[in-house]
Structures are given as structure tokens and as C-alpha cells.
Amino acid sequence: MNASYHLNLRRLMSISLFNNYLDRIFSKFYNICYENYKGLTKNPRWLLMRKIARFKTGRTIMIFLLKPSKNLSSLVVNESNSCFTDVNVDDVVNTLKTEGLYLGINLPQEIVKEIVEFAYSTVCYGNRKTNMGFFYHQKQQAQLKSGKIFIIGSYFNTSLLCPAIKKLQNDPKLLAIAARYLNAQAVHQGNMMWWSFSGETTYHQKSQAAQLFHYDIDDYRFIKFFFYLTDVDDQSGPHICVRGSHNKKKLSYLWLRKRETDEEIIDYYGSESLVKICGKAGFGFVEDPLCFHKGITPTDKDRLILQIEFARTDYGMQHDFRASSLLKCI
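First, a word on scope: everything that follows refers to the structure included in this document.

Rules used in this analysis
- Residues numbered from 1 in each chain as written.
- Predicted model: local features only at pLDDT ≥ 70, side-chain atom pairs only at ≥ 80, totals over all residues.
- Heavy atoms only, no water.
- Buried < 20%, exposed > 50% of the residue type's maximum accessible area, 1.4 Å probe, protein only.
- Helix = DSSP H or I, 4+ residues; strand = E, 2+ residues; numbered from the N terminus.
- Pairing = 2+ DSSP bridges.
- Contact = heavy atoms within 4.5 Å.
- Axes fitted to C-alpha atoms, helices over the stretch in contact; angles between N-to-C directions.
- Core = buried A, V, L, I, M, F, W, Y, C linked by side-chain atoms within 4.5 Å.
- Polar contact = N/O pair within 3.5 Å; in protein donor to acceptor, adjacent residues only side chain to side chain.
- Phe/Tyr/Trp six-rings, centres within 6.5 Å; stacked < 30°, edge-to-face > 60°.
- Lys NZ or Arg CZ within 6 Å of the ring centre and 35° of its normal.
- Patch = residues over 30% accessible without salt bridge, like charges linked within 9 Å, V, L, I, M, F, W, Y side chains within 5 Å.
- Areas by Shrake-Rupley, 256 points an atom, 1.4 Å probe, with all protein chains shown as cover.
- Salt bridge = Lys/Arg side-chain N within 4 Å of Asp/Glu carboxyl O.

**Concerning the pairing of strand 7 (residues 239–242)**
Of the two faces of strand 7, the one carrying His 239 and Cys 241 and the one carrying Ile 240 and Val 242 are both buried. The pairing of strand 7 with strand 10 (residues 293–295) spans 3 bridges and is classified as antiparallel. Bridge assignment links Ile 240 to a residue of strand 10, and that residue is Lys 294.

**Side note on the sheet that holds strand 5 (residues 187–196)**
The strand order across the open sheet built from 8 strands is 1-9-6-11-5-4-2-3, with neighbouring strands paired in antiparallel fashion. The sheet is open, and its two edges are formed by strand 1 (101–103) and strand 3 (133–134), each paired on a single side. Bridge count for strand 2 (residues 124–126) against strand 4 (residues 152–155) is 2 bridges, and the pairing is antiparallel. Bridged to Tyr 125 within strand 4 is Ser 154. Its contacts with the sheet put helix 4 (residues 89–99) on strand 1 and strand 9 (284–287), and the angle it makes with strand 1 is roughly 135°.

**Thoughts on the nonpolar core**
Core analysis: the largest hydrophobic core is formed by 48 residues, its most contacted members being Ile 105, Ile 115, Ile 177 and Met 193. Looking at this core, the elements that each hand over two or more residues are helix 4, helix 5 (109–121), helix 8 (163–169), helix 9 (172–182), strand 5, strand 6 (222–228) and strand 11 (303–311). Per element, the largest residue contribution to this core is 7 residues, and it comes from helix 9. Ignoring anything within four residues of it in the chain, the contact list for Ile 105 reads Phe 84, Val 87, Val 92, Leu 174, Ile 177, Phe 225, Phe 227, Gly 282, Gly 284, Phe 285 and Val 286. In terms of nonpolar packing, the next biggest core, distinct from the first, is built from 22 residues, Leu 47, Met 49, Ala 53 and Met 62 among them.

**Focus on the side chain of Lys 173**
Following the sequence through the fold, Lys 173 ends up in helix 9. A distance of 2.9 Å separates the side chain of Lys 173 from the backbone oxygen of Phe 84, its partner in a polar contact.

**Side note on the packing of aromatic side chains**
For any pair of aromatic rings, the description rests on two quantities: the centre-to-centre distance and the angle between the ring planes. Following the criterion strictly, the structure yields 21 aromatic pairs and no others. Here the aromatic rings of Tyr 228 and Phe 285 are separated by 5.8 Å at their centres, their planes lie at 70°, and the arrangement is edge-to-face. Pair noted here: Tyr 228 is in strand 6 and Phe 285 is in strand 9, with a separation of 57 residues, a long-range link. Counting every residue linked through ring pairs, the aromatic cluster contains Tyr 120, Phe 134, Tyr 136, Phe 150, Trp 195 and Phe 197. Taking NZ or CZ as reference, Lys 248 lies 5.1 Å from the ring centre of Tyr 268, over its face.

**Some details on a nonpolar patch on the surface**
A cluster of nonpolar side chains, contributed by Ile 61, Phe 64 and Leu 65, occupies part of the molecular surface with about 350 Å² of accessible area. Along the chain, Leu 65 turns up in helix 3 (residues 56–65). Under the relative-accessibility criterion, Leu 65 is labelled exposed at 54%.

**What to know about the pattern of salt bridges**
The final tally for this structure, using the stated rule, is 12 salt bridges. For Lys 113, the salt bridge is made with Glu 117, and the minimal N-O distance between the two is 2.7 Å. Pair noted here: Lys 113 and Glu 117 are both in helix 5, with a separation of 4 residues, about one helical turn. Assessed through its relative accessible area of 43%, Glu 117 is described here as partly exposed. Between Asp 218 and Lys 224 there is a salt bridge, with its nearest N and O atoms 3.3 Å apart. Comparing Asp 218 with Lys 224, the two get one shared label, buried. Connected through shared salt-bridge partners, Arg 50, Asp 216, Asp 218 and Lys 224 make up one network.

This is the structure we're talking about:
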């Protein structure tokens, strides 16, 4: 009986490993197909950028050919109109260049309160599907009614519906940081605000929810500001960034862009390069998303986060605008 038990256990483990392998293959194949389909049907110029910009030499050449803007180091910032009066633009930019990450661009609590109230009173959309709308407090009922499990709940048209978010994307300090880092006039590429829901997830679900190590390619140079809107600790989905990885990648990361395992990232960059970011509601940071990064899957508490992105070019692919006729509740 004992031998039979162990034999069955080994069979179950083998099946589990095989299923996990299939899940990874499917996820990789899906991501490649979806990227090419989206680029070819919506914006081939964006797709071309995605192929070139993974290589540092390609980014350098294209930025040169696209006529970089004049030096913006002397840019004057009207600090009286900024929500971030205690943030030093030069310190942020210099740290970003070397580490790819700067912590401590924090929101005033009145802004946090306004955005959180907006989130609770506005429909979010399960797994970014425009026909899966529900209010946050109705998530369980929405899952039962739809027969779906929601890993994330995203908001659309945030700058149109929430004045506080509109104000942040036009904040002079954020624009100055972006302009100096990009060495170009900062172009707002879009916002994203979403809930990461706690619970168990498959490999493919983690991949779709950006909960595996990856790097972004949204332009030849771009940055993203992140703001926690709920308290974030180890159990509620902290963001992890691999410090300095925007400037250092081995060839396999460039030629075969995919989701990387924790073990692979730690083996190459060292555990000391991983920065796990926890903080109270309002804690903010800015990142060069060419750094490897991920959000940890929440295990205990849901996480609400806001992302504001700036780049040299807006390809019309990163914004959260959706026609109201497409948005439907469950």
C-alpha cells in the first residue's frame, strides 16, 4: 500500500510538472501571437519599434535619427503648481539613469482619498475585458454570474472621469522628470489603474497580469510613475524591480524576450539587485520599465495601483480610453 501510494504521488507530480510546462509554452506562444496581431492590425510602426527597441544599439540609433530634442537640463519647473514640492528633479533623474528606479514620490493624502473614492464608486473591468464590468464590492457576485475568475480589475477612461488623475498626468514635476530623463518633450502615453486580486493563479494568469519577471518596450525611451492607493505589504502584491537591469541584459533576454523565472533573474543579477517595494497608500516611485520587474500575486489583501506613463512618442497603444458603447456590466 505504501509503495502504491508513493507511485501514485510520483505520477501526480509528473502530471503537474507536465501541465506546468504546457502552461508556460502556451503562455509564451500566446504572447508572441497577440503582440504581432495587435501591432499588424492597429499600428505597424509600434510593432517595428518593439522589434528594434529591445536592443540598446537599436534604441540609440533610432533616437539619433528621430532628432533628439534640445537639452532640457535647464527646464524651469513651476513648483507651486505641483503635488510633489519636496521632490528634487535632478536627484530623481540621476538615480534613474544609474539604477532605473527612484522611490519616494509620494501623493498627498487628499489626492489618495479622491482617487480611492473614485475607484469604489466606478465600475472596473475583470481581466481588462470591456464586457466584464462590476463595482469592486460586487466582485464575488460578478464572478459567480460570469463564471470567470478575475485576477485583476481595470479601470478605463481614468483621466476623463477622475480630475485627480488628470491633474497628476499634467503635474509639472512629473513632466519635468520625464522630459529630462527622456531628453525630449515628455509625451503622455497613458494611464492604467487596476486592482490585483488576492488568490491562487496559474502561470498563464500570472503572465497576463504582469506577475512574472519581464521588461516593457513601449518606446525607444519611456518611464512610468506608480502610486500605491492601498497599503502594500508582503501579502498584498508588492512591486519588485531589478535595480540596474535597464542597462544590463544578456543576449538571450534580448533575442528571446519572455517571462523569466525568479531563479533565472536571481542567478544573473544577484538577489541584492531585487528591490521589493512596500509602502502605505500614497507611496510612489518612478521606474525605467526596461528594468526587469513584476508585481507579486497578492495572497491576503487586494492591491490598487495607479500607473502614469510618459514617452517620446505616443503610439496610441498604452492609453486606457475605451468608447462608452463598448463598456458593459455583467
